[in-house]
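The primary structure of each chain is shown beneath.
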Amino acid sequence: MERSVGGHATEASQPCRKGRILDSMLALEEANEECRFVQVMSIALEYLLDRVGDLLRIERLQDVIGEGRKGCPDPTDRLESDRRL
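Residues numbered from 1 in each chain as written. Predicted model: local features only at pLDDT ≥ 70, side-chain atom pairs only at ≥ 80, totals over all residues. Heavy atoms only, no water.

Between side chains of opposite charge, a pair can form when the charged atoms approach closely. Applying the stated criterion to the full structure yields 2 salt bridges. The closest approach of N and O atoms between Arg51 and Asp54, which form a salt bridge, is 2.9 Å. Taken together, the positions of Arg51 and Asp54, both in helix H2 (residues 17–68) and 3 residues apart, correspond to about one turn of that helix. Of the residues examined, Arg51 reaches a relative accessible area of 34% and is grouped as partly exposed. Among the ionic pairs, Arg57 bridges to Asp54, the shortest N-O distance being 2.4 Å. Of this pair, Arg57 and Asp54 both sit in helix H2, 3 residues apart, which is roughly one turn of the helix. Residue classification places Arg57 among the partly exposed positions, given a relative accessible area of 45%. For Asp54, a relative accessible area of 28% corresponds to the partly exposed category. Here the residues in one salt-bridge network are Arg51, Asp54 and Arg57, joined through shared partners. (Salt bridge = Lys/Arg side-chain N within 4 Å of Asp/Glu carboxyl O. Helix = DSSP H or I, 4+ residues; strand = E, 2+ residues; numbered from the N terminus. Buried < 20%, exposed > 50% of the residue type's maximum accessible area, 1.4 Å probe, protein only.)

On to a nonpolar patch on the surface, then. A contiguous nonpolar patch, built from Phe37, Val38, Val40 and Met41 and spanning about 410 Å² of accessible area, is present on the exposed surface. With a relative accessible area of 55%, Phe37 lands in the exposed category. (Patch = residues over 30% accessible without salt bridge, like charges linked within 9 Å, V, L, I, M, F, W, Y side chains within 5 Å. Areas by Shrake-Rupley, 256 points an atom, 1.4 Å probe, with all protein chains shown as cover.)

The predicted model of the protein chain has a mean per-residue pLDDT of 78, with 61% of residues at 70 or higher. Mean pLDDT per element in the protein chain: helix H1 (residues 5–11) is the minimum at 55, and H2 is the maximum at 89. (pLDDT = per-residue confidence, 0-100.)

With that out of the way, let us pick up a negative patch on the surface. A surface patch of like charges, here negative, comprises Glu29, Glu30, Glu33 and Glu34. Turning to its location among the elements, Glu29 is positioned in helix H2. Relative accessible area serves as the criterion here: at 44%, Glu29 is assigned to the partly exposed category. (Lys, Arg positive; Asp, Glu negative; His and termini not counted. Charge placed at Lys NZ, Arg CZ, Asp CG, Glu CD.)

If you want it as structure tokens, here you go:
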């Protein structure tokens, strides 16, 4: 009795090599996509942390400027007195 190649593959106890290769390729593609996602999220997080750092530095500078002006006259008072003249 002769068997066709396809018939032999379906009767074999071992899974098809092509299927194993495709499964491996799919797993690698999924892992690669996850790595890309993590990279993009890391870049976005780094950007946001830089912006937050910038905002905190600006806030600190405003506090320092505010502390330095405590004994100084308010420049807006001068503007109003100039308008009266």
